[in-house]
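Coordinates in review
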Amino acid sequence: MEMEEIARWSYVAFVVIAIVAGLAVGYMAWDGQAISEIDGYVTLIMLILGIIVGITSITAKEVTPFLIATIALIVAGIGNVWLPLNIDPIQILYYFADAITRYIVAFAAPAAVIIAIKAVLAMTKD
């Protein structure tokens, strides 16, 4: 298996981890449990996984699409786009969407910073 293929599969696996963790923590938050400690641990894990992806996996031709996608994710994570879901019959969807978005952003942001630094360094070499 090539390194690029391993990197792509690891990225997909990390996104799946973010979704599963978001579903678990979102359910805990909806159920009224205190999630601050577990939320911190999951965010730390996602940051570490993002650093791994940023260092190992994005090729030169993927830099621009990756950075644009990351900007879109960060904007979605910062805004209260999920707030309309915070009503009684479907409130659990709000907690799921909020946690999943936060964890994907926590994963993508450090990768984007590392990739942006790599891109700037590559531009200065030319």
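I will try to describe carefully the structure that is included in this document.

About the thresholds
- Residues numbered from 1 in each chain as written.
- Predicted model: local features only at pLDDT ≥ 70, side-chain atom pairs only at ≥ 80, totals over all residues.
- Heavy atoms only, no water.
- Salt bridge = Lys/Arg side-chain N within 4 Å of Asp/Glu carboxyl O.
- Helix = DSSP H or I, 4+ residues; strand = E, 2+ residues; numbered from the N terminus.
- Patch = residues over 30% accessible without salt bridge, like charges linked within 9 Å, V, L, I, M, F, W, Y side chains within 5 Å.
- Areas by Shrake-Rupley, 256 points an atom, 1.4 Å probe, with all protein chains shown as cover.
- Buried < 20%, exposed > 50% of the residue type's maximum accessible area, 1.4 Å probe, protein only.
- Phe/Tyr/Trp six-rings, centres within 6.5 Å; stacked < 30°, edge-to-face > 60°.
- Lys NZ or Arg CZ within 6 Å of the ring centre and 35° of its normal.
- Core = buried A, V, L, I, M, F, W, Y, C linked by side-chain atoms within 4.5 Å.
- Contact = heavy atoms within 4.5 Å.

Structural notes on the pattern of salt bridges
Side chains that differ in sign of charge can pair as their charged atoms come close. Under the counting rule described, the total for this entry stands at two salt bridges. Residues arginine 102 and aspartate 98 are paired through a salt bridge, measuring 3.3 Å at the closest nitrogen-oxygen approach. With arginine 102 and aspartate 98 both in helix H4 (residues 91–125) and four residues apart, the pair spans about one turn of that helix. Each of Asp39, Asp98 and Arg102 takes part in salt bridges that share partners, so that together they form one network.

Quick look at a nonpolar patch on the surface
A grouping of Trp9, Val12, Val16 and Val20 is seen on the molecular surface, where their side chains present a nonpolar patch of about 390 Å² in accessible area. Counting through the fold element by element, valine 20 comes out in helix H1 (residues 3–30). Here valine 20 falls in the exposed class, since its relative accessible area comes to 51%.

Things to note about the packing of aromatic side chains
On inspection of all chains with the given rule, the structure shows five aromatic pairs. With a centroid separation of 5.7 Å and 45° between ring planes, the pair formed by tyrosine 27 and tryptophan 30 is classed as tilted. Here tyrosine 27 and its partner tryptophan 30 are both found in helix H1, three residues apart, which amounts to about one turn of the helix. Residue tryptophan 30 is classed as partly exposed on the basis of its relative accessible area, which comes to 38%. One aromatic cluster in this structure is built from Tyr11, Phe14, Phe66 and Phe107. Lying over the aromatic face of tyrosine 103, arginine 102 brings its terminal NZ or CZ to 5.5 Å of the ring centre.

Side note on the nonpolar core
A general trend in soluble globular proteins is that nonpolar side chains are found buried together. Formed by 23 residues in total, the largest nonpolar core has its most connected members in Val42, Met46, Phe66, Tyr103 and Phe107. Sorting the residues of this core by element identifies H1, helix H2 (36–56), helix H3 (63–78) and H4 as the ones contributing at least two each. For this core, the element with the highest residue contribution is H4, accounting for nine residues. Not counting chain neighbours up to four residues away, the residues in contact with phenylalanine 66 comprise Tyr11, Ile58, Ala108, Ala111, Ala112 and Ile115.

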